[in-house]
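# Examination of the molecular architecture
What follows is each chain in one-letter form.
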Amino acid sequence: MKKILVLFAATLLMTSCGLYNKYERPDSVNTQGLVRDPFSAADTLAVNTDENFGNLPWREVFTDPQLQALIEKALENNTDLRNAALNVKMMEDMLKVAKLAFLPSVAFAPQGSISKVMMDGASTTKAYTLPIAASWNVDLFGNILSQKRSAQMKLLATKDYQVAVKTNIICGVANLYYTLMMLDKQLEIVTDMSGLVKETWDMMKIQKDLGMMRSTGVQSAEANYYSVLAQQTDIKRQIREMENSMSLLLNEAGHQIPRGSFDNQSLPSKFATGVGLQLLTNRADVHAAEMNLAQCFYDVETARSRFYPNITITGTAAFTNNNGMLNPGKWLLSALGSLTQPIFQHGQIVAGLKVAKAQQEQAYNTWQNTVLKAGNEVSNALVLYNASAEKSELEAKQVKALEQNVEDTKLLYASKGSSYLEVIQAQSSLLSARISKVQDDFSKMQAVVNLYQALGGGAN
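Now for a look at the structure at hand.

What counts, and where the lines are drawn
Residues numbered from 1 in each chain as written. Predicted model: local features only at pLDDT ≥ 70, side-chain atom pairs only at ≥ 80, totals over all residues. Heavy atoms only, no water. Phe/Tyr/Trp six-rings, centres within 6.5 Å; stacked < 30°, edge-to-face > 60°. Helix = DSSP H or I, 4+ residues; strand = E, 2+ residues; numbered from the N terminus. Buried < 20%, exposed > 50% of the residue type's maximum accessible area, 1.4 Å probe, protein only. Lys NZ or Arg CZ within 6 Å of the ring centre and 35° of its normal. Core = buried A, V, L, I, M, F, W, Y, C linked by side-chain atoms within 4.5 Å. Contact = heavy atoms within 4.5 Å. Expected span 1.5 Å × (residues − 1). Salt bridge = Lys/Arg side-chain N within 4 Å of Asp/Glu carboxyl O.

Taken as a whole and judged by the stated rule, the model has 10 aromatic pairs. Ring geometry for Phe-62 and Tyr-452: centres 5.7 Å apart, planes at 90°, overall edge-to-face. With Phe-62 in the loop between helix 2 (58–61) and helix 3 (65–77) and Tyr-452 in helix 10 (residues 420–454), the pair connects residues that are 390 residues apart, well separated along the chain. Centre to centre, the rings of Trp-201 and Tyr-226 are 5.9 Å apart; their planes meet at 65°, and the pair counts as edge-to-face. Of this pair, Trp-201 sits in helix 5 (residues 143–209) while Tyr-226 sits in helix 6 (residues 215–249), placing them 25 residues apart in sequence. For Trp-201, a relative accessible area of 10% corresponds to the buried category. In this structure, Lys-205 is placed above the aromatic ring of Trp-201, and the distance from its NZ or CZ to the ring centre is 4.3 Å.

Okay, here's the thing in C-alpha cells:
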C-alpha cells in the first residue's frame, strides 16, 4: 500500500511539471524601427529616453486656462469615462470571487420533521437536524490559481481601457478646442475679405455708371462677393457643429463654447518620443493588448489543468435529536475525500485546450498589430508637425506677396493698367492663401495633440 502511495505521489509530481507558470513577455514581438524619422525617408528613430513627451501631465501640454477648464469638466462628466470606471469596479469584484475560490464553501441546511401514528394515544414525534457542510477543492494542479491570474490580467486590461478613454477625452477636447479657434480665425479672415470684395464691387458699379466699365465686370465682382459670403455661412455652420460635438464630450446639451484666440496659443515644439519598448508600457491600449495576451496564457493553463484529477474534500457536522441515532442530542461528524480523473468527455477537454491556444495566438497577433499601429501613429504625428510647420512658413511668404499683389493690382486697375479679372483673381488667391495658412497652423496644433495621444499621454 505504501509503495502505491509513493508511486501515486511521484506521478502527481511529474504530471504537475509545467503548471503554475507565470506569464512572461514574448521576445518575438517586433519593436524595432517603430517610428520613422520625420526628415529622412530611410531612417528610423532609435531614441529611448525617460523624457518622453507622453509622460508630461496634460496641464503642462495644454496651458490655455479655458481649455483646461473644459478638459476638467469632460473628465468629470463624460459618460464613457464613468462607464469605464464601473467596468473596473466590476472586474475588481470578479477578482475577489476568483480569490475566494481558494476557500472552502460552507452551507447550513437545517431540517425538521413532525410525525404521528394515526392511533389513539400515540404521541407526536419531533425531530430536527442542524447540519453544516463544508467542501474544499484542493487546487493541486493550478486550475483555480490560473483562473485567478486570468482575472487579474483582465482587471489590468480594464484599467488600461479606463486610461485610454481618459487620454481620448483629453485629446478629443483639445482637438475640438483648437478646431473651434481655427474656424474663428478663418471666419475673421473671410469677414475681412468680404469687406474688401464689397469695396471692389462698389467701385466697379460706380465705374459702370460713369460708362467706364461693362456690366460683365460688375457681375463678376458681385458673384465673387456672394461666393465669399457663402464661405462665411459655411464656416458659421461648422462652428456650430463643433460646439455641439464639444458639448457632447462634456455630457451637456449643445451650447456656445468659451475659448481663447487662435494667435495666442502656445504649445510645445520640442519632443522626446521615447520609442521602442516604452511604447509597450506608455500606451494604455498597447498594454491592454498585452494583458489580454497574458489572460489568454492563463486560460490555456486553466484548460490544461482540466486534464488532471479534481480532488475534493468534504466534511459535515450535524447536531440532531433523532432518537433513531445511537447518540441523540449530540454532534455527528463525517469527512470524505474524493478524486475525479477525467477519462472520456466527448473530446471537450482536448477541444477546450485547442480553442484556448488559438485564442492565445490571436491575442498575440492583435498585440503585435497594436504595437505597430502605435509606432505608425507616432510617425504620422511627427511628419504632420514638421510638414505643417514648413508649409506655414512658406504660406506666410505667399500671403505677404499676395497682399502686395492685391494692392498693386487695384492701383493698376485704377490707372487702367490691369483688368477687373486680375483684381478679382488677386483677391481670391489672397483669401485662399490666408485660409490655407490658418489650416496648416492648426495642423501643427493637431499634430502636437496627436503625438501626445500616440505616446500615451494623459495618464498623469
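It is worth spelling out the nonpolar core at this point. Of all hydrophobic cores here, the largest spans 67 residues; its most connected members are Phe-62, Leu-67, Val-173, Tyr-178 and Met-246. At 21 residues, helix 5 tops the list of elements feeding residues into this core. Apart from the residues within four sequence positions on either side, Leu-67 is in contact with Phe-62, Val-173, Ala-174, Tyr-177 and Tyr-178. Counting 17 residues, the second-largest nonpolar core is a separate cluster that includes Val-286, Ala-288, Met-291 and Leu-293.

Once that is clear, we can look at helix 6. Between its terminal C-alpha atoms helix 6 stretches 52 Å, which fits the 51 Å expected from 35 residues at 1.5 Å a residue. Of the residues trailing helix 6, Asn-251 is marked for its positive phi of about 60°.

We now examine the pattern of salt bridges. Per the counting criterion, the structure on display carries 18 salt bridges. For Glu-188, the salt bridge goes to Lys-185, with nearest N and O atoms at 3.8 Å. Remark: Lys-185 and Glu-188 occur in helix 5; sequence separation between them is 3 residues, near one turn of the helix. With its nearest N and O atoms 3.4 Å apart, the salt bridge here joins Asp-440 to Lys-391. Here Asp-440, found in helix 10, pairs with Lys-391, found in helix 9 (residues 348–414); they are 49 residues apart in sequence, far enough to count as distant. Lys-391 sits in the partly exposed class, given a relative accessible area of 43%. Among the ionic contacts, a cluster of salt bridges with common partners joins Asp-184, Glu-243 and Arg-259.

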